[in-house]
Every structure is written in C-alpha cells, then in structure tokens.
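Examination of the molecular architecture
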Amino acid sequence: PIDNNSPSVEFGRLEHIFPHPLSLEVEIILNNSFRFLQTWVHLLPNNTLDIAFFHKNTNRFEEKKPLLKSVVPFDSHWPKHMHLGRVIGALHSVYHHVNSHHNVHKGTLQVMNEFCSWGLSRNMLHTALSTLHKQTKSPGFKTALEALHHSTHPPPTPRMQVKGGRGTSHTHANHTLTL
C-alpha cells in the first residue's frame, strides 16, 4: 500500500531540475557494477564489494568527451601552499572513497595524471604523497611514493583541449604516470 503522506521521488520529475547544460545522470547497473558519486562499486562473485575511485576526466578522456576544467594550472598566481592543499585534498578524497590499498593506488594515478598535465612538479607530488603516507599509512601511497623515486617525470604527450567557462578553452599536456 502507498502512503500518500510519505515523501517519494520520481526521476521523471527530477531530470530537468538543473538549467542547461547541467543534468542529472541516471545510475546504470551494468555487470554487477554501478557508479555512485566518486566511486565505481563492483559486486564480486564472492559477494564482497570492490569500491574503486571514479575520476571524471579519466572517464571522459576514454569516452572522447570534452574534459572538465577542475584544476587551476600549477603555473598560475596561486600560492604554492594552496596548490599543495588542492593535491592533498584530492588524495584524501581518493583514500576515503575506496575500500582497498590497490584502489588507493589506482585512484592516485588517475588524479596525479590530471595534476601533472596541469604542471604539477615532482617536488610537490613527492610532498603530497609523503604527507598522505604519513597520515594514512596506506600501502597504496607508499607504492606510489616508491615508484616516484624510481621514475622520471612523465614526458609530455599529445595535448588535450579542456572547455573553460564563458566559451574559453584551455590547452594542457596529457601526461601519463606509471607509478
């Protein structure tokens, strides 16, 4: 029985609540997996959940969609401590959204690839990874930190166009970290 006094939500009524170009996305369950906020949730055959970080621009790049400008370039006028805070905050987001050290490592790579494409220096990356490893003791950050010590800074690869606000576009190099 339906209780007319209880709140209910119909997607058909909600899908147009945001002004264009914003929109609600319908969450699709595909092969026992679905996206929820900043995660991919997978139901494994042993009935456990694998929760991985969902990085929008990595997904958009793979789907050949325009990238979202979500990072202030590291050569901007921002003070260095604000850039470092942004990087550490993004890594905290990865750490708190996943349920395994392997997924911490994978999410870290996705976030760092984007930050490196906007000019993140090896020094700042090292500082951020060291800080997170000290705070969380996560082997995912330790692995990324150790790999950073044994790698060279990622070489620039073909440049990508990122749509900015008010009709502008920004070009940045797409780097790939293999930590």
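Above this note sits the structure.
Attention here is on the structure that accompanies the text. Remember, predicted model here, so these are calculated numbers, not experimental data.

Let us now look at the pairing of strand 1 (residues 33-36). Residues Ser33 and Arg35 line the buried face of strand 1, whereas the alternating positions Phe34 and Phe36 sit on a face that is not buried. Count of turn residues in the strand 1/strand 2 (residues 39-43) antiparallel hairpin: two residues, of which leucine 37 carries a positive phi of about 50°.

All told, the structure shown has two salt bridges when counted by the stated rule. Glutamate 63 is the salt-bridge partner of lysine 65, the closest N and O atoms lying 3.2 Å from each other. You can call glutamate 63 partly exposed: its relative accessible area is 42%. Residue glutamate 146 is joined to lysine 142 by a salt bridge in which the shortest nitrogen-to-oxygen separation is 4.0 Å. Here lysine 142 and glutamate 146 lie together in helix 6 (residues 139-149), a separation of four residues that amounts to about one turn.

Taken together, the three strands give an open sheet; going across it, the order is 1-2-3, and neighbouring strands pair in antiparallel fashion. Each of the sheet's edge strands pairs with one partner strand only, and the pair in question is strand 1 and strand 3 (49-53). For this sheet, the mean angle separating the axes of adjacent strands, direction not counted, is 25°. Sheet analysis places strand 1 next to strand 2, joined by four bridges and oriented antiparallel. Its bridge partner being in strand 2, arginine 35 is matched across the sheet by tryptophan 40.

On to the packing of aromatic side chains, then. Given two aromatic rings, one states the distance between the centres and the angle between the planes to describe the pair. A complete count under the given rule lists three aromatic pairs for this structure. Ring centres of tryptophan 40 and phenylalanine 54 lie 5.9 Å apart, and the angle between their planes is 75°; on these two criteria the pair is classed as edge-to-face. One end of the pair, tryptophan 40, is in strand 2; the other, phenylalanine 54, is in the loop between strand 3 and helix 2 (56-62), with 14 residues separating them in the sequence. Overall, tryptophan 40 belongs to the partly exposed group, its relative accessible area being 31%. We classify phenylalanine 54 as buried; its relative accessible area is 7%.

Given 3.6 residues per turn, any residue in an α-helix points the same way as the ones three and four places further on. Between its first and last C-alpha, helix 4 (residues 101-117) extends 24 Å over 17 residues, near the 24 Å set by a 1.5 Å rise per residue. With 13 of 17 residues buried, helix 4 lies mostly within the body of the structure. At the C-terminal side of helix 4, glycine 119 shows a positive phi close to 100°.

The next subject is unusual backbone geometry. With a phi close to 65°, asparagine 47 is a non-glycine residue in the positive phi region. With respect to the element layout, asparagine 47 can be found in the loop between strand 2 and strand 3. For asparagine 47, a relative accessible area of 65% corresponds to the exposed category. Residues other than glycine seldom take positive phi values, yet lysine 137 does so here, at roughly 60°. Residue lysine 137 is classed as exposed on the basis of its relative accessible area, which comes to 60%.

Conventions used here
- Residues numbered from 1 in each chain as written.
- Predicted model: local features only at pLDDT ≥ 70, side-chain atom pairs only at ≥ 80, totals over all residues.
- Heavy atoms only, no water.
- Buried < 20%, exposed > 50% of the residue type's maximum accessible area, 1.4 Å probe, protein only.
- Helix = DSSP H or I, 4+ residues; strand = E, 2+ residues; numbered from the N terminus.
- Pairing = 2+ DSSP bridges.
- Salt bridge = Lys/Arg side-chain N within 4 Å of Asp/Glu carboxyl O.
- Axes fitted to C-alpha atoms, helices over the stretch in contact; angles between N-to-C directions.
- Phe/Tyr/Trp six-rings, centres within 6.5 Å; stacked < 30°, edge-to-face > 60°.
- Expected span 1.5 Å × (residues − 1).

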